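Read off the chains here:
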Amino acid sequence: MGVLKFKRDHYGYLFIAPFVIAFLIFGLYPVYNTFYLSFTDTTLMSSEATWVGLQNFERLFADDVFTTAVLNTWKIWILNFIPQIGIALLLSIWFTNTRLKLRGVGAWRALYFLPNLLMPAAIAALFFSLFSFYGPVNQFMVRSGFLPEAKHYLQDPTITRGLVVFIQWWMWFGQTVIIIMAGMTAISISLYESAMVDGANAWQMFTRITLPLLKPILIFIFITSLVGGMQMFDIPYLLTDGRGSPGGSIMTNNILMYLKFSSTRGHIGAAATVGVVVFIMTTIVALGIYFVLRDRNK
Amino acid sequence: MTKNYNFNTKAIRVLIYIFLGILLLVTILPIWLLLVNATRSTSEIQQGVGFLPSTHIVENYEILTGRGLDLVRGFLNSLFIAVSVTVLTVYFAFLASYGIVVYNFRGKKLFAGFVVVLVLIPLQLSIIGFFQYMSRLGLTDNYAALILPSIASAFAVFFGIQYFQSVVIQDLIDAGRVDGASEIGIFHRIMMPLAMPGAVTLGIFAFIASWNNFFNPFILLSSIEKYTLPMLVQTLRGDVYRTEYGAIYLGLAITIVPVILIYIFLSRYIINGIAMGSVKE
């Protein structure tokens, strides 16, 4: 029996084998290849490539556009993440509050989540149309007297960046509500009951019970949002000319990577370098947060 | 005292409903305008903002498809890729996660931990290395490069492990073994049917993610007849349709309506799935 059991458990390797093989081919090797390319001057046109050491990295760090892209990506992500988590916490508290007894919680939540499922490319094109010079937003603003004359919204760096922040928030707050509510309903009611007996008020219960117990979920939301945010592409790329206009206000990491890739010489060595730097930056922050906060919990 | 308290709760409730209503308007209005404008003629759209559907949908469709944009083909291309990705993602992720939950092999904890790490790191950023590698293999401009990587979806395995931990019934597996079923046969004939709700949930996510994916096909595909829907959306913004607003909105509507329909019928699966993919007991 012991031998039989031993053999049977080896089936586990067979079950995970397709995943492991596909991961090595389509996941790990491309990562290795990207790192390798970042040390070469490979282009799309040439089959020959030379090892150039850290030259690509030196050039990238000396490039102001790269600094702009990294700062923009962080700015856009942080400005959308704070209201996203704030509104989501607020809605989750209201939706799970037994004293308020709000009606139609499921329906509200389902509707707030809808934008998340829609194609980002179509969303970008939609907002481009809505905010274009002859678009509905101008029609409304001028006719109702909010603006004396129509405005070129997408030529104003602040408005354009604000719009990208808004779209990101709009697409993601509903999902955050669902995740936080799932975490809140998993917290045992008896904890709140005993706190109530001890005379705790609503704020104390939120900060001493809800928030600490939500921590793993908040870390999960934080990291997945960060990893997605650092790779933001579709919305800023398709909202304006695909070069981060106006004035580089919505130039992001991935747009810069794409521009290097699609330049006339197709410098994939330089494009890979952008990918490597953003990969390292994001991974350090994400795993750092994961391990630091997780360990302190134990 | 009690009266006062009730009044306060009621007032707060009204204020909350107002807030929720405004938030709902902000959420839905852009989508509503998109759907409505898809049915309005360009001149109607230019005359002013309208919130009610009009009758020009056929006209818009003729303009949309009359200028060399093969939307039907793009639709079918996206559908083909999304269905293939869905099948591969769900099958292989469930295979791997079932293996992890049911068998006690050496290194399984390590493997499960590794999957979590993979979920947390931005593997997408290796797209340049992936592209160059595919071009060496002659697989750029080939759907295989978009479909095959879904065999190794870390998020799907992460989801599958949590799912199987709650649905695997050891007695059923043992009964299958007594009946002489092979290990893989038990997975196919006993566990897969049992795991159908999870497969549907994961499948919806895989389908929508593939359907909406712009970046990867945009990098990899080059011939126009292979373009997917999100890539055609980019064409809609080009010069050909510059002032044909009705047609543009209709084109956008066609790309998002399938997902809205899926959501109307399967929202329960989707919302539960999001909660399940994030909350770990």
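**Looking at the overall build of chain B**
Step number 1: Tallying secondary structure elements over chain B gives 14 helices and zero strands in all.
Step number 2: Element order for chain B, N to C, with α for helix and β for strand: α-α-α-α-α-α-α-α-α-α-α-α-α-α.
Step number 3: Radius of gyration (C-alpha) of chain B: 24 Å, far over the 19 Å computed for a compact globule of 281 residues.
Step number 4: Taken along its principal axes, the extent of the C-alpha atoms in chain B is 75 × 75 × 35 Å.
Step number 5: Across the 281 residues of chain B, 43% fall into the buried class.

**Details of the overall build of chain A**
Step number 1: Looking only at helices and strands, chain A features 13 helices and zero strands.
Step number 2: Counting from the amino terminus, chain A carries its helices and strands in the arrangement α-α-α-α-α-α-α-α-α-α-α-α-α.
Step number 3: Over its C-alpha atoms chain A spans a radius of gyration of 24 Å, topping by over 25% the 19 Å that the globule rule assigns to 298 residues.
Step number 4: Oriented by its inertia axes, the alpha-carbon framework of chain A measures out at about 85 × 75 × 30 Å.
Step number 5: Sequence-distant contacts in chain A: of pairs separated by 6 or more residues, those separated by 24 or more amount to 70%.

**Some thoughts on the domain arrangement of chain B**
Step number 1: Its domain assignment divides chain B into domain 1 (2-64) and domain 2 (70-236).
Step number 2: Between the C-alpha centres of domain 1 of chain B and domain 2 of chain B there is a distance of 36 Å.

**Focus: the interface of chain B and chain A**
Step number 1: In this complex, chain B contributes 69 residues to the contact, which on the side of chain A involves 75 residues.
Step number 2: Breaking the side of chain B that touches chain A down by element, the ones donating at least two residues are α1 (2-37), α4 (71-102), α5 (108-120), α6 (127-136), α11 (196-212), α13 (229-236) and α14 (245-278) of chain B.
Step number 3: With 13 residues, the top contributor of residues to the side of chain B that touches chain A is α14(B).

**Side note on unusual backbone geometry**
Residue and element names in this part refer to chain A.
Step number 1: Of note, the amide linkage connecting S245 to P246 takes the cis form, showing an omega dihedral of -5 degrees.
Step number 2: For P246, the location among the structural elements is in the loop between α11 (234-239) and α12 (253-262).
Step number 3: A positive phi angle is found at K101, which is not glycine, with a value near 45 degrees.
Step number 4: Structurally, K101 is set in the loop between α4 (64-96) and α5 (105-113).
Step number 5: Judged by the 9 C-beta atoms lying within 10 Å of it, K101 is exposed.

**Thoughts on helix α2 (residues 11-37) of chain A**
Residues and elements named next belong to chain A.
Step number 1: Between the first and last C-alpha of α2 there are 38 Å, a value that for 27 residues agrees with the 39 Å anticipated at 1.5 Å per step.
Step number 2: Helix geometry: α2 is bent most strongly at A17, by close to 45 degrees, with proline P18 lying one to four residues after it.
Step number 3: Of the positions making up α2, those classed as buried are G12, F15, I16, F19, F23, F26, G27, P30, T34 and L37.

**Details of the packing of α4(A) against helix α8 (residues 157-185) of chain A**
Residues and elements named next belong to chain A.
Step number 1: The contact between α4 and α8 brings their axes to 7 Å, and the two run at 35 degrees. Regarding α4 and α8, the two cross each other, and that crossing is right-handed.
Step number 2: Partitioning the contact of α4 with α8 into residue classes produces 18 nonpolar, seven polar and one charged.

**Details of the nonpolar core**
Step number 1: Of all hydrophobic cores here, the largest spans 151 residues; its most connected members are A:A122, A:I123 and B:L252.
Step number 2: Split by domain, the residues of this core number at least three in each of domain 1 (2-64) and domain 2 (70-236) of chain B.
Step number 3: If we skip the residues at most four places from it in the chain, A:A122 touches B:V233, B:L252, B:T255 and B:I256.

**Details of the environment of B:I208**
Step number 1: Position of B:I208 relative to the elements: it lies in helix α11.
Step number 2: For the pair B:I208 and B:S267, spaced 59 residues apart in sequence, the C-alpha to C-alpha distance is 13 Å.
Step number 3: Leave out the neighbours within four places in its chain, and B:I208 touches A:L117 and B:V259.

Cut-offs used in this document
Every chain is numbered on its own, with residues counted from 1 as its sequence reads. By the order in which they are written, chains take letters starting at A while ligands take numbers starting at 1. A pLDDT threshold of at least 70 governs which residues receive local features in this predicted model, and a stricter bar of 80 or more applies before side-chain atom pairs are shown or counted, although totals over entire chains, interfaces and linings include all residues. The helix and strand labels rest on DSSP assignments: H or I over at least four residues marks a helix, E over at least two residues marks a strand, and numbering proceeds from the N terminus. For this measure, only C-alpha atoms enter the radius of gyration; the expected value for a globule follows 2.2 Å times N^0.38, where N is the number of residues. Exposure in this text rests on C-beta crowding, where 20 or more other C-beta atoms within 10 Å of a residue's own make it buried, 12 or fewer make it exposed, and counts in between make it partly exposed. The C-beta atoms are placed from the backbone. Note on contacts: each residue gets a C-beta atom placed from the backbone, and two residues are in contact if those atoms are within 7 Å. Segmentation of the chain into domains, including their bounds, is taken from an automatic or database domain assignment. In this scheme, a helix's expected span is set at 1.5 Å multiplied by one less than its residue total. The quantity called bend is, for any residue, the angle between two axes fitted respectively to the seven residues ending at it and the seven beginning at it. Orientation is described by lines fitted to C-alpha atoms, with helices fitted over the stretch in contact, and by angles between N-to-C directions that extend from 0 to 180 degrees. By convention the crossing between two helices is left-handed if the near helix lies anticlockwise of the far one by an angle smaller than a right angle, and right-handed if it lies clockwise. Only Asp, Glu, Lys and Arg are considered charged, only Ala, Val, Leu, Ile, Met, Phe, Trp, Tyr, Cys and Pro nonpolar, and every remaining residue, Gly among them, polar. A set of buried Ala, Val, Leu, Ile, Met, Phe, Trp, Tyr and Cys residues, joined through C-beta atoms within 7 Å, is what we mean by a nonpolar core.

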